[in-house]
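One-letter residues, chain by chain:
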Amino acid sequence: GMAGNPMNFRVNGKAGALVLLPSGIQFNGKLFVPFQEIFACQRMGAVIELHCIERLKKYKWRPKVFRLSGDERSLSTLLHEVTTNISQLQTRPKKLRVFINPFGGKRKARQNMDKVRPLFQLAKITLHETVTTAAQQAGTWMRTAPDLSEYDGVVVAAGDGLFHEVVNGMLQRTDGFRLPLGIIPSGSTDTVMYSATGTNNIVTAALHIILGDRHGLDVARVALANSTVRYATNFIGYGYFGETLWESDKHRWMGPARYDYSGFLTLLRWRKHNATISYVEQRVPPSSQPCHHGDAQCRPPPPHPAFVSSDPDTGLVTSFVRHPSTASSSGGGG
């Protein structure tokens, strides 16, 4: 092809030389667009449209379109090179399972999905969508679906609740199969989305999913005395927070205001909650690299269980005792 050789194009009406480089496209020696930031490339008659991402302030992204016109040979070369390079990016999803919760948060999940669906269509990503009608519908599918390998990921157009449901369903699978999970944030607080990308902007979320961006997420496993196991991606609440969330579930019709209302009601009740907490202290050497399950830097030395006790009347921590002698045991309970 003509990779590396300057080609004459007009980009958004401005004439100049375009060069195909191994990692992207350069125009007039200044503007550089990496292949990793191009999510669609299509021929419209005598024009090629390149759909890319543009980074804004506060971690927001938006689509940006470059319209390129040139001679037939240059257009064919550009289209071939760009589509070939994009198709070789292994992390790009091609088929996604989507769950839409129409009742979450401000009840805008359907509208939000309608707004971002054209971006997925541009990127030629197939969406298999389901609007949920009952609690645990998505979680049950995630836990029991016989073959997840036909999908490249699961997306929820919802709040933290449905995301939590899907995470629990996946981690409870008996075959151990894992898929990347994405969110089109449509909840009251969208805290998982904020912690992952810095914003709950739906277009930004869709573009991250389309580009196949992946971000590690810490998960806590909670085992109850009755053998029930749950996984938490946000926080685990006991006492005031636990009661506030329990109360807020009765007032979902209020939208995001239910948290303030329920928090105030819980405060008025002023109930005391007693607890004894024990945890396993693990010293993991600091690493600049992301840590994944099974990596060498993620295997800590033998744990030293530590125990915290609280005064039953005041709830204040009264003692902190470390037991090095039990370091070889399997864990600290709780």
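In what follows, the structure referred to is the one given above.
If you're wondering where the values come from, they're calculated on a predicted model, not measured in any experiment.

**With respect to the environment of Gln111**
Okay, step 1: The topology assignment puts Gln111 in helix α2 (residues 109-122).
Okay, step 2: For the pair Gln111 and Ser186, spaced 75 residues apart in sequence, the C-alpha separation works out to 9.3 Å.

**Examining a nonpolar patch on the surface**
Okay, step 1: On the surface, a cluster of nonpolar side chains totalling about 670 Å² of accessible area is made up of Phe235, Tyr240, Phe241, Leu245, Leu267 and Trp270.
Okay, step 2: Tracing the backbone through its elements, the reader meets Leu267 in helix α8 (residues 257-269).
Okay, step 3: The partly exposed category is assigned to Leu267, whose relative accessible area is 44%.

**Here we look at the sheet that holds strand β2 (residues 14-21)**
Okay, step 1: Pairing in this open sheet of 7 strands is antiparallel, and the strands run β4-β3-β2-β1-β7-β6-β5 from one edge to the other. Strands at the two margins of the open sheet, each flanked by one partner only, are β4 (31-34) and β5 (38-44). Looking at each pair of strands side by side, their axes are set apart by 35 degrees on average, direction ignored.
Okay, step 2: Bridge count between strand β1 (residues 7-11) and strand β7 (residues 61-70): 3 bridges; the pairing is antiparallel.

**Describing the packing of helix α7 (residues 240-248) against α8**
Okay, step 1: The contact between α7 and α8 brings their axes to 8 Å, and the two run at 125 degrees. Taken together, the axes of α7 and α8 lie oblique to each other. Once α7 is placed against α8, the crossing between them reads as right-handed. Facing Tyr240, Glu243, Thr244, Leu245, Glu247 and Ser248 of α7, the residues of α8 in contact are Arg258, Tyr259, Ser262, Gly263, Leu265, Thr266, Leu267 and Arg269.
Okay, step 2: Here the residues of the contact of α7 with α8 are counted per class, giving 5 nonpolar, 5 polar and 4 charged.

**Structural notes on the side chain of Thr244**
Okay, step 1: Among the secondary structure elements, Thr244 is positioned in helix α7.
Okay, step 2: Every residue in contact with Thr244, bar those within four places of it in the chain, is listed here: Tyr259, Ser262, Gly263 and Thr266.

**Side note on the pattern of salt bridges**
Side-chain pairing between opposite charges can occur once the charged atoms of the two side chains come close.
Okay, step 1: If you walk through the whole model with that rule in mind, you get 12 salt bridges.
Okay, step 2: Between Arg55 and Glu37 there is a salt bridge whose closest N-O contact spans 2.6 Å. Taken together, the residues Arg55 in strand β6 (residues 47-55) and Glu37 in the loop between β4 and β5 connect sequence positions 18 residues apart.
Okay, step 3: Between Lys250 and Glu247 there is a salt bridge, and its shortest N-O distance comes to 3.5 Å.
Okay, step 4: For Lys250, a relative accessible area of 45% gives the class partly exposed.
Okay, step 5: Looking at Glu247, the relative accessible area reads 3%, which means it is buried.

**Concerning the packing of aromatic side chains**
Okay, step 1: Applying the stated criterion across every chain yields a total of 2 aromatic pairs.
Okay, step 2: Both rings, one in Trp141 and one in Tyr151, keep their centres 6.0 Å apart while their planes meet at 70 degrees; by these two values the pair is edge-to-face. In this pair, Trp141 is assigned in helix α3 (residues 137-144) and Tyr151 in the loop between α3 and β10 (153-158), connecting sequence segments 10 residues apart.
Okay, step 3: Three or more aromatic residues joined by ring pairs form one cluster here, namely Phe99, Trp141 and Tyr151.
Okay, step 4: Here Arg97 stacks its cationic end above the ring of Trp141, 4.7 Å away from the centre of that ring.

**Remarks on helix α6 (residues 202-211)**
Okay, step 1: Here α6 lies mainly inside the structure; 9 of its 10 residues are buried.
Okay, step 2: Restricting attention to buried positions, one finds in α6 the residues Ile202, Thr204, Ala205, Ala206, Leu207, His208, Ile209, Ile210 and Leu211.
Okay, step 3: The first or second residue beyond α6 is Gly212, which carries a positive phi of 75 degrees.

**Looking at empty space enclosed by the protein**
Okay, step 1: Following the criterion strictly, the structure yields 1 cavity of 30 Å³ or more and no others.
Okay, step 2: Taken as a whole, the largest cavity spans an internal volume of roughly 70 Å³.
Okay, step 3: Among the elements of the structure, β3 (24-27), β4 and β7 are those that each provide at least two residues to the lining of the largest cavity.
Okay, step 4: Per element, the largest residue contribution to the lining of the largest cavity is 3 residues, and it comes from β3.
Okay, step 5: For the lining of the largest cavity, a count of residues per class yields 9 nonpolar, 1 polar and no charged.

**What to know about the nonpolar core**
Okay, step 1: Counting 44 residues, the largest nonpolar core has Phe39, Met113, Phe120, Trp141, Val156 and Ile184 as the members making the most contacts within it.
Okay, step 2: In terms of residue count, the dominant contributor to this core is α6 (7 residues).
Okay, step 3: In contact with Met113, other than residues within four places in its own chain, are Val98, Ile100, Phe120, Leu127, Glu129, Ala157 and Ile184.
Okay, step 4: Among the nonpolar cores identified, the runner-up in size contains 20 residues, and Met7, Ile25, Phe27 and Cys52 belong to it.

**Describing the sheet that holds strand β11 (residues 181-185)**
Okay, step 1: The 4 strands are arranged β9-β8-β10-β11 in an open sheet whose pairing can be described as parallel. Since the sheet does not close on itself, it has two edges, and those belong to β9 (126-131) and β11, each with one partner. Between one strand axis and the next, the sheet turns through 20 degrees on average, direction left out of account.
Okay, step 2: In terms of strand pairing, β10 meets β11 through 5 bridges, oriented parallel. Counted as the bridge partner of Val154 is Leu181 from β11.
Okay, step 3: Across the sheet, α2 is in contact with β8 (95-100), β9, β10 and β11; its angle to β9 comes to roughly 170 degrees.
Okay, step 4: Relative to the sheet, α3 contacts β8, β9, β10 and β11, its axis offset from that of β8 by approximately 150 degrees.

What counts and how
What you see as residue numbers is a count from 1 along each chain, following the sequence as written. A pLDDT threshold of at least 70 governs which residues receive local features in this predicted model, and a stricter bar of 80 or more applies before side-chain atom pairs are shown or counted, although totals over entire chains, interfaces and linings include all residues. Values shown for side chains rest on all heavy atoms present in the structure; no hydrogens or waters enter the calculation. Secondary structure elements are defined from DSSP: runs of H or I of at least 4 residues count as helices, runs of E of at least 2 residues count as strands, and each element is numbered from the N terminus. A patch consists of residues whose relative accessible area exceeds 30% and which take part in no salt bridge; residues with like charges are grouped when within 9 Å of each other, and nonpolar side chains (Val, Leu, Ile, Met, Phe, Trp, Tyr) when within 5 Å. Here, Shrake-Rupley sampling with a 1.4 Å probe gives the accessible areas, and only protein chains in the shown set may cover a residue. When a carboxyl oxygen of Asp or Glu is within 4 Å of a side-chain nitrogen of Lys or Arg, the pair counts as a salt bridge. Working definition: with a 1.4 Å probe on protein chains only, accessible area under 20% of the residue-type maximum means buried, over 50% means exposed, and in between means partly exposed. A pair of strands is labelled paired if DSSP reports no fewer than 2 bridges between them. Between the N-to-C directions of two axes lies an angle of 0 to 180 degrees, each axis being a line fitted to C-alpha atoms and, for a helix, fitted only over the stretch in contact. By the definition adopted for this analysis, an angle is roughly parallel if under 35 degrees, roughly antiparallel if over 145, roughly perpendicular if from 65 to 115, and oblique otherwise. Helix crossings are classified by the rotation of the near helix relative to the far one: an anticlockwise turn of less than a right angle makes the crossing left-handed, while a clockwise turn makes it right-handed. Contact definition: two residues touch when any of their heavy atoms are within 4.5 Å. Throughout this entry, Asp, Glu, Lys and Arg are counted as charged residues, while Ala, Val, Leu, Ile, Met, Phe, Trp, Tyr, Cys and Pro are counted as nonpolar. The remaining residues, Gly among them, count as polar. Note on aromatic contacts: the rings of Phe and Tyr and the six-membered ring of Trp form a pair at centre separations within 6.5 Å, being stacked when their planes are under 30 degrees apart, edge-to-face when over 60 apart, and tilted otherwise. Here, over-ring charges are defined by two tests on the NZ atom of lysine or the CZ atom of arginine: distance to the ring centre within 6 Å, and angle to the ring normal within 35 degrees. Here a cavity denotes grid points, spaced 1 Å and computed from the protein atoms alone, that fit a 1.4 Å probe unable to get out, and a pocket denotes an open set having protein on both sides within 12 Å along at least 5 of 7 lines; residues with an atom within 4 Å of a point are the lining. Grid points are joined across faces, edges and corners, and a volume is the space filled by probe spheres set on the points. As used here, the term nonpolar core means buried Ala, Val, Leu, Ile, Met, Phe, Trp, Tyr and Cys residues forming a set that is joined through side-chain atoms within 4.5 Å.

Just geometry here; none of it tells us what the structure is for.
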